[in-house]
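Structural overview
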Amino acid sequence: MLLIYAYIEKYKNYEHQEITFDTSYSVCFENGILQITYNGTPMYQNLYHKGKPDNLHILIGKTGSGKTNLLQLIGAKKDSRTHRRWSGEPDSYFLLYSISETEFFLEICNVDIGQFSNKRAGKDSSIPKSIQENAARMDSINSVRFTIPRALAVGESISDFSIIQEYGARPMVKEPVRDFTTIINCYDINSFIKPPYEDEKEKYDDFNNDWIGRMVVPYHRTSLWKLCDYIRDYIASVERGSLKREVSFVLSTHNFADNYPIKLSNAVEDDYWTFFSLERDQRIASLDKNVAEKMKKKKKQVEKLTQLPKKELFIHDLWTDYAMYLRKWVSKIQNFNEEETIPEDRLDYSGEYDVYQEFLDYYTEKEYKEDIDPKVLPDGKPMSIVKRCTWLAEYIDRIDNGNPHGIIWQIIDDIKDIGTILRKLDDKYFTIDTCTIPVVDMVLPEYKELFSDLFERMEQYIPDDAGIFTERLLPYSFTHLSTGEFQYAKVLGGLDQNLTIAHSDHRRFDKIILLDEPEAYMHPELARQFIKRVYDIVGKHKKQGTVQIIIGTHSPFVVSDVCADNITRLTIDSESGNAVVLRGSEKEYFGANLYTIFADGFFLDYTIGEYSRYWLQDNLDYVRELEEKETLTEDECQYIKSLKLFVMHIGDPLIRRAFEVCLESIGGSI
């Protein structure tokens, strides 16, 4: 299934525009009538695409011309279309897809297409106006699946279509479009002042309606395993002596507690000591008597600094960071409720003793064989740091909904699994406060399964509603990796990951993947390789269905790897400020000089820097004025001598030669 055409009557900065994504078809929409013409597939397509992806289309043009708007129009979930951002936002458009040579699919928003008249419900004055507006909006959004009698011959057009009912009527298709196609919307969340979509783990909540299901997958949601996969792939190509070959995955014990702006009392903080702080205090004890006295009281703890392996010190401090963070949250919760009188025994709504809560407390102590009371804080109690974490989690959960085994307690269980996995790694990867693993070591036979399990624990936990653990359960970083290289691994790893999405029954599963400025932050050399790498990734997957990729880009390197008929150029109307769509180009782009692409595809007025352009023009005009003079002043002669020395630094040979001709003409008068 391929997106072949979009008609936009009105959407953001688009007005009365149409975009063709597949040159095999020409689509005409005039006077409310849709007509499709088959152009045939150019023979060279299979030659230079090598059959994968099935369709690649590039959006380029002026900044602000609407590349991102167009990708959002295609990629937005249906719910965001039915609930517009602000009242009265005008939008009307339709998207046309080809399923096969004889079958097509339309997604329509507020457009009347003559062959598929949508009988909209009339207004009912008895219904409140707000409900009328919502009902009318819902009524204006629909989809149509239709067929033509036979495959079209090259040059043949058709406007007579037969509707296929996907749901509840005959004739019915065996498989609705939503069951074999998905649109995957990929973008960099940091490129927006306000991201167009929520940054949340994919809920697959868009696959229960009559439109194609959409997934929102920001680049940073690439799985850690795929990310490290493509970091390894990249560093294998760099010079042997480069530090890039030493890229490592880094975990730290300084994650949450230090960054949470609440101060606990010294007595409470004593419960949350770390080996890191002991080592630091040990170094300064000889200089500070108070610290030396403090260290004497912690003699047994200090002895463990040399007795325990580094990884045990690290894991203890990691747990302490979690525990202190939770204790600070408890303090916040208590301060928030400080004016409330909390009864010693929790009461139910009738004011009687809460028997259910009594059962939960009993269940906590007996079923889990823990001699702790989730109604009481563990302050001042001698216990392991793991047990302290569990106690704090149960305390918070109990305050939240009365059940001490809620979401925070479950998260602590995930953290226990993380600690177990880290304990299986070699001690050589650890210091007291860091765990640093070269990414090349992750695929060693003894570690591959461990890291797969670790990453799963880090990524697949359920964020809690209270906002305690929302973004990451265990933050990480990389050494020796630039922003552009990180982006390169995220985008390509994410593409590979998205192409593995399939139904469990292995039926056909078509994908339309939208990539918004994937080359952002990348070095030009990485951008130059990008399309080749995309082809390599698409080519290595078995063909379970069609793959279409639509890219919005600012990189001429990306554009130089495709033919002009796979490109849509976007510029801006000087009067209205609206987007203007230009299909293809008269100039060929495949393997083209970058200057040609800049000028034609990105509508640059000039292909050199603005300062150098002004300088060159002003000085060339001045030299030509001096060329007309019979004699020159001393200052003018000095200027000409200096310019002769500078001309060799002008990069463009034609501009340099223009200066040289003028200077040769003046030479005799100096």
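So, how was this worked out
Numbers given for residues are sequential positions, taken from 1 along each chain in its written order. Under the rules for a predicted model, residues below a pLDDT of 70 receive no local features and side-chain atom pairs below 80 are neither given nor counted, while totals for whole chains, interfaces and linings still include all residues. Only heavy atoms go into the side-chain values, all of them from the structure, while hydrogens and water stay out. Each helix is a run of DSSP H or I of at least 4 residues and each strand a run of E of at least 2, with the numbering of both proceeding from the N terminus. Whether two residues are in contact is decided by their heavy atoms: any pair within 4.5 Å suffices. All accessibility values rest on the Shrake-Rupley procedure with a 1.4 Å probe; residue burial counts only the protein chains present in the view. Per-residue confidence from the prediction method is given by pLDDT, with values spanning 0 to 100. Fitting a line to C-alpha atoms yields each axis, with helices limited to the stretch in contact; the angle taken between N-to-C directions then spans 0 to 180 degrees. Roughly parallel here means an angle under 35 degrees, roughly antiparallel means over 145, roughly perpendicular means 65 to 115, and every remaining angle is called oblique. Two helices crossing with the near one rotated counterclockwise from the far one by less than a right angle form a left-handed crossing, whereas a clockwise rotation gives a right-handed crossing. Note on exposure labels: buried denotes an accessible area under 20% of the residue type's maximum, exposed denotes more than 50%, and partly exposed covers the range between, all computed with a 1.4 Å probe on protein chains only. Any carboxyl oxygen of Asp or Glu within 4 Å of a side-chain nitrogen of Lys or Arg constitutes a salt bridge here. Two strands qualify as a pair provided DSSP detects at least 2 bridges between them. In this scheme Phe, Tyr and Trp rings, the latter by its six-membered ring, pair at centre separations within 6.5 Å, and the angle between planes marks the pair as stacked below 30 degrees, edge-to-face above 60, and tilted otherwise. Here, a charge over a ring is recorded when the distance from Lys NZ or Arg CZ to the ring centre is within 6 Å and its angle to the ring normal is within 35 degrees. Three classes are used: nonpolar for Ala, Val, Leu, Ile, Met, Phe, Trp, Tyr, Cys and Pro, charged for Asp, Glu, Lys and Arg, and polar for all others, with Gly counted as polar. One less than the residue count of a helix, multiplied by 1.5 Å, gives the span that helix is expected to have.

In terms of regular secondary structure, the protein chain is built from 21 helices and 19 strands. Intrachain contacts of the protein chain at a sequence separation of at least 6 include 71% that bridge at least 24 residues. Total accessible area on the protein chain stands at roughly 34900 Å², and carbon and sulfur atoms take up 50% of it.

Let's shift gears to the confidence of the model for the protein chain. Summarising the model, the protein chain shows a mean pLDDT of 84, and 86% of its residues fall at 70 or more. A low-confidence stretch, residues 339-368 (pLDDT under 50), is modelled with 34 contacts involving residues beyond four sequence positions or located in other chains.

What follows deals with the environment of Met383. Within the fold, Met383 resides in the loop between helix H11 (355-367) and helix H12 (385-401). The spatial distance from the C-alpha of Met383 to the C-alpha of Asp271 is 9.2 Å, given a sequence separation of 112 residues. Setting aside anything within four residues of it in sequence, one finds Met383 in contact with Pro378, Arg388 and Trp391.

The next subject is the packing of H12 against helix H13 (residues 407-422). One can describe the packing of H12 onto H13 by two numbers: an axis separation of 7 Å at closest approach and a directional angle of 160°. In terms of their interaxial angle, H12 and H13 are classed as roughly antiparallel. For the pair H12 and H13, the crossing hand works out as right-handed. Within the contact between the two elements, H12 uses Val386, Cys389, Thr390, Ala393, Glu394, Ile396 and Asp397 and H13 uses Ile407, Ile408, Trp409, Ile412 and Lys416.

By secondary structure assignment, the location of Cys637 is in helix H20 (residues 634-646). Once the C-alpha coordinates of Cys637 and Ile666 are considered, the two residues, 29 residues apart in sequence, prove to be 9.6 Å apart.

Once that is clear, we can look at unusual backbone geometry. Look at Asn110: it is not a glycine, yet its phi comes out positive at around 60°. Along the polypeptide, Asn110 turns up in the loop between strand S7 (103-109) and helix H4 (129-139). In this structure Asn110 comes out as partly exposed when scored by relative accessible area, which is 33%. Positive phi outside glycine occurs at His480, with the angle close to 55°.

Take the pattern of salt bridges next. Taken as a whole and assessed by the stated rule, the structure comprises 23 salt bridges. For Glu103, the salt bridge is made with Arg145, and the minimal N-O distance between the two is 2.5 Å. In this pair, Glu103 is assigned in strand S7 and Arg145 in strand S8 (residues 141-147), connecting sequence segments 42 residues apart. Grouping residues by exposure puts Glu103 and Arg145 together as buried. In this structure, Arg388 engages Asp271 in a salt bridge whose closest nitrogen and oxygen atoms are separated by 3.7 Å. Separated by 117 residues along the polypeptide, Arg388 in helix H12 and Asp271 in the loop between helix H6 (266-269) and helix H7 (275-284) bring together distant segments of the chain. Residue classification places Asp271 among the buried positions, given a relative accessible area of 17%. Salt bridges here are not isolated pairs; linked through shared partners, they connect Asp233, Lys532, Arg533 and Asp536.

A separate point is the sheet that holds strand S16 (residues 510-516). The strand order S12-S11-S16-S17-S5-S18-S19 describes an open sheet built from seven strands, whose pairing is mixed. Whereas interior strands pair on both sides, the edge strands pair on one side only; in this sheet they are strand S12 (213-216) and strand S19 (579-583). Direction aside, the axes of adjacent strands within the sheet are offset by 20° on average. On the sheet, helix H15 (residues 483-499) packs against strand S11 (181-186), S16 and strand S17 (547-552) and is oriented at approximately 165° with respect to S16.

The side-chain alternation of S12 yields two buried faces, one formed by Gly213 and Met215 and the other by Arg214 and Val216. Of the strand pairs in this sheet, S11 and S12 are connected by four bridges, and their pairing is parallel. In the strand pairing of S12, Asn185 is matched with Val216.

Tallied over the full model, the rule gives 35 aromatic pairs. Among the aromatic side chains, those forming a connected cluster through ring pairs are Trp225, Phe249, Tyr429, Tyr447, Phe451, Phe455, Tyr476, Phe478 and Phe486. The ring of Tyr476 carries the charged tip of Arg472 above its face, separated from the ring centre by 4.4 Å. Just above the ring of Tyr614 sits the side chain of Arg613; from NZ or CZ to the centre is 4.7 Å.

Another aspect to go through is the packing of helix H19 (residues 610-627) against H20. The relative placement of two packed helices is expressed as an angle between their axes plus a distance between the axes. Closest axis-to-axis distance for the H19/H20 pair is 12 Å, and the angle between their directions is 130°. With respect to each other, H19 and H20 are oriented oblique. Viewed along their axes, H19 and H20 form a crossing whose handedness is left-handed. Every residue of H20 that contacts H19 at Trp615, Asn619, Tyr622, Val623 and Leu626 is listed here: Glu636, Tyr639, Ile640, Leu643 and Phe646. For the contact of H19 with H20, a count of residues per class yields eight nonpolar, one polar and one charged.

Attention now moves to the side chain of Thr274. Relative to the helices and strands, Thr274 resides in the loop between H6 and H7. Here Thr274 is in contact with His316, Asp317 and Thr320, once residues within four sequence places are set aside.

This brings us to the pairing of S7. A large share of S7 lies buried, amounting to seven of its seven residues. Side-chain alternation along S7 places Glu103, Phe105, Glu107 and Cys109 on one buried face and Phe104, Leu106 and Ile108 on a second face that is also buried. In the sheet, strand S6 (residues 91-98) pairs with S7 via six bridges, with the strands oriented antiparallel. Residue Phe94 lies in a different strand from S7, and its bridge partner there is Ile108. In textbook terms, the turn of a hairpin is the stretch between consecutive antiparallel strands, and for S6 and S7 this stretch comprises four residues. Bridging between S7 and S8 involves seven bridges; their strand directions are antiparallel. Paired with Glu107 across the strands is Ser143, a residue of S8.

Turning next to the side chain of Asn255. Examined against the element boundaries, Asn255 turns out to sit in the loop between strand S13 (248-252) and H6. Not counting residues within four places of it along the chain, the set of residues in contact with Asn255 comprises Leu318, Asp321, Leu474 and Pro475.

Take the sheet that holds strand S9 (residues 157-158) next. Reading across the sheet, the three strands line up as S3-S4-S9 and stay open at both edges, with antiparallel pairing between neighbours. For this open sheet the edge positions go to strand S3 (25-30) and S9, each flanked by a neighbour on one side alone. Relative to S9, strand S4 (residues 33-38) is paired through two bridges, and the arrangement is antiparallel. Bridged to Thr37 within S9 is Ser157.

Taking 1.5 Å of rise per residue, the 17 residues of H15 would be expected to cover 24 Å, and the 24 Å separating its terminal C-alpha atoms lies within 8% of that figure. H15 sits mainly inside the fold: 14 of its 17 residues count as buried.

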